[in-house]
Amino acid sequence: MHRPKRLLGMIVWLLAALLLAGPASAQRVEGDRAEGTGLYSAEIPVRSQSESEREAGFARGLAQVLGKLSGDRGAAQRPGVAQELRRAKQYVEGYDYRQDEGVSSRGSPTFTTTLVVRYRRDDIDAVAAALGLPVWPDPRPKPVLWLAIDDGSGPRLVALQQSNVARPVLQRAIERGYRLGLPGGSAAEQAAVGAIWRGDTASIARISARYNPPMQLIGKLYRDGAGWKADWIFVDGGRVLSRWSETADDARRLLPTGADGAADALTRRYAKASPAGAPSTQAVVFAGMNSSADFIRLSAQLQRMSVVRGMRPVRATPQGLEIELDLLTGLTGFRRMADAQVLVEADGNIEGVTPVFHLR
């Protein structure tokens, strides 16, 4: 007799819990593996599943996503980005955790907790545009990795069958927003090791012609005294875009440098500047200011906007309060980042005339 009431109470409790939960944690069936390999998702190692560790992970993940979107591994240091990282939680669409098991250098098992975060695409695109970040457009190319390793017994090709050996460089490419492919390992491709070792880019381009696109990351990894050295060449359409070398004590630390160098070369050539405005000082009139509380609310809103670098009240006008704003990407960036729940641009604003925004 009381069961319907208990059921109704449980439904209400569940709805309340969902409303208070914030960004949704994904529900997965047995056997699924949470992954953050997409352009607008990230994987971040965390020490625990606590709220503070998770929110710190949201910020690190957003930096990773902006880096993938722009192709700039220093995206987190660009003007205005740090302010957006502090409120990364508001851009989260959902998150999940994954437990990874590995083996330490001494052979003992290791366990790592990974936070997998998905961010809202439209919000991230708006942030990138407002801050003037370059954008490396989709679809991204998948260059072929021609890697030869000599551990002292002669150089050998790393082909598809040895993908685990190349895992550090393949994974770093994913973290930078693109993918690398490996050759199939035919007899003719195995014989190309000599061309890799000589840095014969023309020969490698010819044998790579069966793969698309016509891009090759050519690398040789070899002993260098007590450590290791890697020499890399990135080729696009037969043209050498970049050459670089790295040294380290551990060969595994050198492999990701190939993916980083290739990403840097690709973004220099293909990333497009965001159509945001240039830094400027702009006078803006804010209407609807009826009390000191309204001014405090407006001031707080402007301080939250990462495109606003400074503000100075100028004068009160019949329309409202005129404030001079130092804008990172001009009025274009300000319009993109203005919260429509707080600020609404007046109809009829004319180019060249001080714009008016209404405080809601």
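The written sequence of each chain sets the order in which its residues are numbered from 1. Local features in this predicted model are restricted to residues whose pLDDT is 70 or higher, and side-chain atom pairs enter the listing and the counts only when it is 80 or higher, whereas totals over whole chains, interfaces and linings include all residues. Where side-chain values are given, they derive from all heavy atoms of the structure, hydrogens and water being excluded.

Draft legend 1. Quick look at the packing of helix α5 (residues 167-175) against helix α9 (residues 251-270). Relative orientation of the contacting elements α5 and α9 amounts to 40°, with a least axis distance of 7 Å. Classified by the angle between their axes, α5 and α9 sit oblique to one another. Viewed along their axes, α5 and α9 form a crossing whose handedness is right-handed. Residues P168, V169, R172 and A173 of α5 form the contact with α9, whose participating residues are R252, L255, P256, G258, A259 and D260. Between N-to-C directions, angles span 0 to 180 degrees; the directions come from axes that are lines fitted to C-alpha atoms, helices contributing only their stretch in contact. Helix and strand definitions follow DSSP, with helices as H or I runs of at least four residues and strands as E runs of at least two, each counted in order from the N terminus. Angle categories: roughly parallel below 35 degrees, roughly antiparallel above 145, roughly perpendicular from 65 to 115, and oblique for all the rest. Crossings are sorted by hand: turned counterclockwise from the far helix by less than a right angle, the near helix makes the crossing left-handed, and turned clockwise it makes it right-handed. Contact definition: two residues touch when any of their heavy atoms are within 4.5 Å.

Draft legend 2. Region of interest: the pattern of salt bridges. Each reported salt bridge corresponds to a side-chain nitrogen of Lys or Arg within 4 Å of a carboxyl oxygen of Asp or Glu. For the structure on display, the rule yields 25 salt bridges. E175 is the salt-bridge partner of R172, the closest N and O atoms lying 3.2 Å from each other. Of this pair, R172 and E175 both sit in helix α5, separated by three residues, roughly a single helical turn. Each residue is assigned to one of three classes by its accessible area relative to the maximum for its type, calculated with a 1.4 Å probe on protein chains only: buried under 20%, partly exposed between the two thresholds, exposed over 50%. R172 gets classed as partly exposed once you look at its relative accessible area, which sits at 27%. For E322, the salt bridge identified is with R315, shortest N-O distance 3.2 Å. On the basis of relative accessibility, which here comes to 48%, the residue R315 falls in the partly exposed class. Connected through shared salt-bridge partners, R73, R172, E175, R176, D260 and D264 make up one network.

Draft legend 3. Structural context of the sheet that holds strand β14 (residues 356-359). Two strands pair if DSSP finds at least two bridges between them. In space, the five strands of this open sheet follow the order β11-β12-β10-β14-β13, with mixed pairing throughout. Lying at the two open borders of the sheet, with one neighbouring strand each, are β11 (308-316) and β13 (343-345). The sheet shows a mean angle of 35° between the axes of neighbouring strands, taken without regard to direction. The pairing of β11 with strand β12 (residues 321-327) spans seven bridges and is antiparallel. In the sheet register, R312 faces β12, and the bridge partner there is E324. Docked against the sheet, helix α10 (residues 292-304) engages β10 (280-287), β11, β12, β13 and β14, running at close to 150° with respect to β11.

Draft legend 4. The side chain of S70, seen in detail. Topologically, S70 is positioned in helix α2 (residues 51-70). A polar atom in the side chain of S70 sits 2.8 Å from the backbone oxygen of L66. Contacts described as polar in this section are N or O atom pairs within 3.5 Å, which, within protein, must combine one atom able to donate a hydrogen with one able to accept it, while residues neighboring in sequence count only if both atoms come from side chains. One polar contact links the side chain of S70 to the main-chain amide nitrogen of D72, over a distance of 3.1 Å.

Draft legend 5. Inspection of the side chain of D231 at higher detail. Among the secondary structure elements, D231 is positioned in strand β8 (residues 227-236). Asp and Glu are treated as the negative residues and Lys and Arg as the positive ones, with His and the ends of the chain left uncounted. No salt bridge forms around the buried D231; measuring N to O, its nearest opposite-charge neighbour K220 is 4.1 Å away. For D231, the side chain forms a polar contact with the side chain of Y222, separated by 2.8 Å. A distance of 2.7 Å separates the side chain of D231 from the side chain of S245, its partner in a polar contact.

Draft legend 6. Geometry of the sheet that holds strand β9 (residues 239-248). Reading across from one edge, β6-β5-β7-β8-β9 is the order of the five strands in this open sheet, with mixed pairing throughout. For this open sheet the edge positions go to β6 (156-158) and β9, each flanked by a neighbour on one side alone. The average undirected angle you get between the axes of adjacent strands in this sheet is 20°. In this fold α9 packs onto β5 (144-150), β7 (215-224), β8 and β9, with an angle of close to 155° to the strand it touches most, β9.

Draft legend 7. Focus on the confidence of the model for the protein chain. Scored from 0 to 100, pLDDT reflects the predictor's confidence in each residue. Averaged over all residues, the pLDDT of the protein chain equals 89, while 91% of them reach at least 70. Considering only residues more than four positions removed or in separate chains, one finds that residues 1-21, a stretch of pLDDT under 50, has zero contacts. Low confidence marks residues 26-31, where pLDDT is under 50. Its contacts with residues over four positions away, or in another chain, come to seven contacts.

Draft legend 8. Highlighting the packing of aromatic side chains. The rule is short: rings of Phe, Tyr and Trp, with Trp giving its six-membered ring, pair when the centres are within 6.5 Å, and they are stacked under 30 degrees, edge-to-face over 60, tilted in between. Applying the stated rule across the entire model yields eight aromatic pairs. Between W136 and Y178, the ring centres sit 5.8 Å apart and the planes meet at 50°, which makes this aromatic pair tilted. Note that W136 is positioned in the loop between α4 (121-131) and β5 and Y178 in the loop between α5 and α6 (187-190), a separation of 42 residues in sequence. Residue W136 is classed as buried on the basis of its relative accessible area, which comes to 2%. Put simply, the rings of F58, Y95 and Y97 pair up and form one aromatic cluster.

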